[in-house]
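Observations on the three-dimensional arrangement
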Protein chains: 2
Amino acid sequence: MTRAERLAALLERLVSDGKIDVEHSADHFDVSAATIRRDLDYLAEQQLLARTHGGAVPNSTSYDLPLRYKSTSRGEAKTRIAQRAVEMLWPGCTVSLNGGTTTVEVARAIPSAEPLHHGITVVTNALNIATELTVRPFIKIVVCGGVARPQSYELVGALATETLSQLTPDICFLGAIGLDPEAGITTNDEAESAINRVMVKQAKRTVVVIDSSKLGTVGFSRICHVSEVAAILTDSGADSQMVATLRSHGVEVILA
Amino acid sequence: MTRAERLAALLERLVSDGKIDVEHSADHFDVSAATIRRDLDYLAEQQLLARTHGGAVPNSTSYDLPLRYKSTSRGEAKTRIAQRAVEMLWPGCTVSLNGGTTTVEVARAIPSAEPLHHGITVVTNALNIATELTVRPFIKIVVCGGVARPQSYELVGALATETLSQLTPDICFLGAIGLDPEAGITTNDEAESAINRVMVKQAKRTVVVIDSSKLGTVGFSRICHVSEVAAILTDSGADSQMVATLRSHGVEVILA
DNA sequence: TCCCAAACGAACAGATATGAACATATCATG
DNA sequence: CATGATATGTTCATATCTGTTCGTTTGGGA
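Residues numbered from 1 in each chain as written. Chains lettered and ligands numbered in written order. Predicted model: local features only at pLDDT ≥ 70, side-chain atom pairs only at ≥ 80, totals over all residues. Heavy atoms only, no water.

**Examining the protein's contact with DNA strand D**
The following threshold applies: Distances are taken per atom, and a residue is near a molecule or strand as soon as one of its heavy atoms is within 4 Å of it. By the criterion applied in these results, polar contacts are pairs of N or O atoms within 3.5 Å in which, for protein atoms, one can donate a hydrogen and the other can accept it, and in which residues neighboring in sequence qualify only through two side-chain atoms.
Taken together, the neighbourhood of DNA strand D is formed by 17 residues, with Ser-32, Thr-35 and His-53 of chain A together with Thr-35 and Arg-38 of chain B sitting nearest. For DNA strand D, the backbone makes up 65% of the atoms found within 4 Å of the protein, where backbone means sugar plus phosphate. Ser-32 of chain B has a polar backbone atom sitting 2.9 Å from a phosphate oxygen of DNA strand D. Interatomic distance of 2.9 Å between a side-chain N/O atom of His-53 of chain B and a sugar or linking oxygen of DNA strand D.

**Focus on the packing of helix α1 (residues 3–17) of chain A against helix α3 (residues 33–45) of chain A**
All names here are of chain A. Inclusion rule: To obtain an axis, a line is fitted to C-alpha atoms, over the contacting stretch when the element is a helix, and the angle between two such axes runs from 0 to 180 degrees between their N-to-C directions. Numbering goes from the N terminus for both helices and strands, where a helix is a DSSP run of H or I of at least four residues and a strand is a run of E of at least two. Roughly parallel means an angle under 35 degrees; roughly antiparallel, over 145; roughly perpendicular, 65 to 115; everything else is oblique. Contacts are assigned to residue pairs with any non-hydrogen atoms lying within 4.5 Å of each other. Residue polarity follows a fixed list, in which Ala, Val, Leu, Ile, Met, Phe, Trp, Tyr, Cys and Pro are nonpolar, Asp, Glu, Lys and Arg are charged, and the others, Gly among them, are polar.
For the pair α1 and α3, the least separation of the axes is 11 Å and the interaxial angle reads 70°. Between α1 and α3, the angle falls in the class roughly perpendicular. On α3, the residues that touch Arg-3, Arg-6, Leu-7, Leu-10 and Leu-11 of α1 are Thr-35, Ile-36, Asp-39, Leu-40, Tyr-42 and Leu-43. Considered class by class, the residues forming the contact of α1 with α3 number seven nonpolar, one polar and three charged.

**Some details on the protein's contact with DNA strand C**
Among the 17 residues in the neighbourhood of DNA strand C, the closest are listed as Arg-37, Arg-51 and Gly-54 of chain A together with Arg-37 and Gly-54 of chain B. Arg-37 of chain A has a polar side-chain atom sitting 2.6 Å from a phosphate oxygen of DNA strand C. Listed by contribution, the elements that provide at least two residues to the surface near DNA strand C are α3 and β2 (50–52) of chain A together with α2 (22–29), α3 (33–45) and β2 (50–52) of chain B. Among the residues making up the surface near DNA strand C, the classes are represented as two nonpolar, eight polar and seven charged.

**Observations regarding the packing of helix α5 (residues 101–109) of chain B against helix α6 (residues 127–134) of chain B**
All names here are of chain B. Operational definition: In this scheme the crossing of two helices becomes right-handed for a clockwise turn of the near helix relative to the far one and left-handed for an anticlockwise turn of less than a right angle.
At a minimum axis distance of 10 Å, the contact between α5 and α6 shows a crossing angle of 15°. When the axes of α5 and α6 are compared, the pair comes out roughly parallel. Crossing of α5 against α6: the hand is right-handed. On α6, the residues that touch Thr-103, Val-104, Ala-107 and Arg-108 of α5 are Asn-128, Ile-129, Glu-132 and Leu-133. Per-class residue counts for the contact of α5 with α6 are four nonpolar, two polar and two charged.

**A closer look at the interface of chain A and chain B**
The cut-off we apply is this: Throughout, buried area stands for the accessible area (probe radius 1.4 Å) lost by two parts on being put together, summed over both. A pairing counts as a salt bridge when a side-chain nitrogen of Lys or Arg comes within 4 Å of a carboxyl oxygen of Asp or Glu. Strands qualify as paired when DSSP identifies two bridges or more between them.
Contact residues are listed per partner, giving 32 residues for chain A and 30 residues for chain B. Summing the contributions of chain A and of chain B, the shared interface buries around 2500 Å²; its carbon and sulfur component is 66%. Two residues, Lys-19 of chain A and Glu-5 of chain B, come together in a salt bridge whose shortest N-O distance is 3.6 Å. Where chain A packs against chain B, one counts seven residue pairs in polar contact (both at pLDDT 80 or more). For the side of chain A that touches chain B, the secondary structure elements donating two or more residues are α6 (127–134), β6 (139–143), β7 (146–148) and α7 (158–164) of chain A. Of the residues that constitute the side of chain A that touches chain B, the class distribution is 17 nonpolar, 10 polar and five charged. Alignment of β7 of chain A against strand β6 (residues 139–143) of chain B, held across two bridges, turns out to be antiparallel. Considered in β6 of chain B, the bridge of Gly-146 of chain A is made with Val-143 of chain B.

**Side note on the domain arrangement of chain A**
Accessible area lost upon the coming together of the parts serves often as the stated size of an interface. How we decide: An automatic or database domain assignment supplies the start and end points of every domain.
Parsing chain A into structural domains produces domain 1 (3–61) and domain 2 (75–255). Of note, the centres of domain 1 of chain A and domain 2 of chain A, computed from C-alpha atoms alone, are 31 Å apart.

**What to know about a negative patch on the surface**
All names here are of chain A. Put simply, the rule reads: To count toward a patch, a residue needs a relative accessible area over 30% and no salt bridge; like charges are then connected within 9 Å, while nonpolar side chains (Val, Leu, Ile, Met, Phe, Trp, Tyr) are connected within 5 Å. Computed by Shrake-Rupley with a 1.4 Å probe, the accessible areas treat only the displayed protein chains as cover when residues are assessed. Positive residues here are Lys and Arg, negative ones are Asp and Glu, while His and the chain termini are left out of the count. Note on charges: their place is set at NZ of Lys, CZ of Arg, CG of Asp or CD of Glu. Only protein chains enter the calculation, and the probe is 1.4 Å; a residue is then buried if its accessible area is under 20% of its type maximum, exposed if over 50%, and partly exposed in between.
A surface patch of negative charge is lined by Asp-21, Glu-23, Asp-27 and Asp-30. With respect to the helices and strands, Asp-21 occurs in strand β1 (residues 20–21). Judged by relative accessible area, which is 35%, Asp-21 ranks as partly exposed.

Put into structure tokens, the structure is as follows:
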């Protein structure tokens, strides 16, 4: 049994039993109590449950979100990218996130417990990110208006453009479907690319967060050219030729 | 029995009995009176109840108990209210929903499969409702901007007011903490009541959806007077005296 | 007002849970 | 195969929970 499976099983147990007992779970999963405690601490950090002495109980919001813990493809690469991304933040900064699996990981990686990251304001047009971060303490979450797109949970349209145009975050982490030196940064929906373009334009600094498998990929609608962003943050699996090409275009490339 | 379970049970006992007796509870849970006292002190510290000599009583905010402590006993009443509410909709109509457990039920009750309810547009300031409805086919979901409130998932603030002021839905289903002929329709947060007031003002017709246990209850901040809404939709458990009083104020009362 | 039983808070002690530190094992990667 | 990173187990000092005791306070009745 992998760690991810155990975490998911713990959450299922929490939902079905209403509580988790450390000793009993350690016995059931055949691991030490220390491991279960570390698991529970990790889940508590993400507000998926509340620790108690001897175990854990559901927190006030976890009823609606039992299956939030899903492992994604290339999950470990995205996690590394996300951890590198949050290192760029500072107390009191404002950060914008668009929709996408990588930006969700960035949102999850924002450590609300550490004083180092207190007072961060997150602006987003992604409903799932907003819902997840709402329960986090010490994070102010601002949502733009708009019409929700079923596939990506992103808010798009005139309302979204209008509200985002009023805000100027310090840094924008931009997720995308593809990134190519020629075709630029692309997504699959023209409404999404339109609102994402506004986010890039408004932010003082934009960092593209994208796993290496998407480098060289071209989606339907362009958000912007690579020269319009400050940096590209990807994982170490990136093709070195591609990295060199991007750097020759004057874009900073960070490998996590 | 764990400490967490005992705390939850104490709060449930408080809700059902209206008070807690230290000695009796110590006997019932098979712990010492000192433990019960410490439990009650802990809960009082969190403003979940008020200590008395020999026990505890609900405090003024105990209806704001965290979700995990709330009894689900009124679930079927809310379901009936929700089903009656969606009967008021028609194909192509626009409906606004604020946050709250009852409005969530209304959102869930909107049948996206039936052609009868095709093309419905839902406007909401509640993130959880928006997230849940986003995956439904044939429903267009519009979200206002704003800052997210952790307790209720509602978007509030200037951005929310601004965006909602641009929209005029056909009907608004309004959830609330309390409804009283004199004190009006109330909630516990002034920022929420402000944005809810805008929703009432913008909608062509407002229907309050509220379970009968909240009739006569008064929260901290008024959304509007009962005369400002078109109808009150509650369950058949409503006190007949209260219903008569409300009707004498010229408000339509619907019992589901 | 006075009195007293019940309730309370503080202090202590035993049992259990916890966190930190370190050691070991597993795994992906070059 | 070597290496670094991550996950897990073990140990021990510390923290938390609970029950008990005891002196003090509270609230109601004479």
